[in-house]
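Descriptive analysis of the structure
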Amino acid sequence: MLKNYLQFIILFIGLTLTFESYAQNNAVILNAENEIVDLNVYPNPVTNGKLFITTHENLVKTIEIFDVLGKKIFTTRLSGQAIDVSQITSGVYILKITQNNISATRKLVIK
């Protein structure tokens with residue numbers, strides 16, 4: 001009886017540790033899939049007409065800029081790092097970056 005009880009405790013501890021390891025690994029995977037890794041947008045505010053967007057993988061990105069009313073005013077595909085935003089009037093905007101079907105938004109100020 002004691003032997004069965006000890007086997008049950010060992011099995012329970014083993015399953016608990018395996019589950020915790022599985023949960024931690026999957027949490028990391030979910031975070032990596034739901035965020036653009038090492039996303040940097042600079043300078044912000046933009047003063048010289050050039051906006052730089054970099055990521056860890058630097059894959060092709062879809063860039064969309066919306067005004068404060070939600071109207072899309074600019075869209076492009078970016079394969080490098082720099083975008084010319086000199087044609088956009090000064091103001092506050094919402095920047096949407098999509099890479100690998102993952103999107104991120106940032107506030108963008110153009111002066």
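Our subject in this report is the structure included herewith. (Residues numbered from 1 in each chain as written. Predicted model: local features only at pLDDT ≥ 70, side-chain atom pairs only at ≥ 80, totals over all residues. Heavy atoms only, no water.)

Now for the side chain of Thr-98. You can see Thr-98 is positioned in strand 6 (residues 91-99). Within the structure, the side chain of Thr-98 is placed 2.9 Å from the side chain of Ser-103, a separation counted as a polar contact. Contacts of Thr-98, omitting those with residues within four sequence positions, involve Val-60, Lys-61, Thr-62 and Ser-103. (Helix = DSSP H or I, 4+ residues; strand = E, 2+ residues; numbered from the N terminus. Polar contact = N/O pair within 3.5 Å; in protein donor to acceptor, adjacent residues only side chain to side chain. Contact = heavy atoms within 4.5 Å.)

Going through the model one piece at a time under the given rule, you end up with two salt bridges. Where Lys-72 meets Glu-64, a salt bridge forms, and the shortest distance between an N and an O atom there is 2.9 Å. By relative accessible area, Glu-64 is classed as buried at 11%. With a closest N to O distance of 3.9 Å, Lys-96 and Glu-64 form a salt bridge. Separated by 32 residues along the polypeptide, Lys-96 in strand 6 and Glu-64 in strand 3 (residues 61-66) bring together distant segments of the chain. The structure contains a network of salt bridges with shared partners spanning Glu-64, Lys-72 and Lys-96. (Salt bridge = Lys/Arg side-chain N within 4 Å of Asp/Glu carboxyl O. Buried < 20%, exposed > 50% of the residue type's maximum accessible area, 1.4 Å probe, protein only.)

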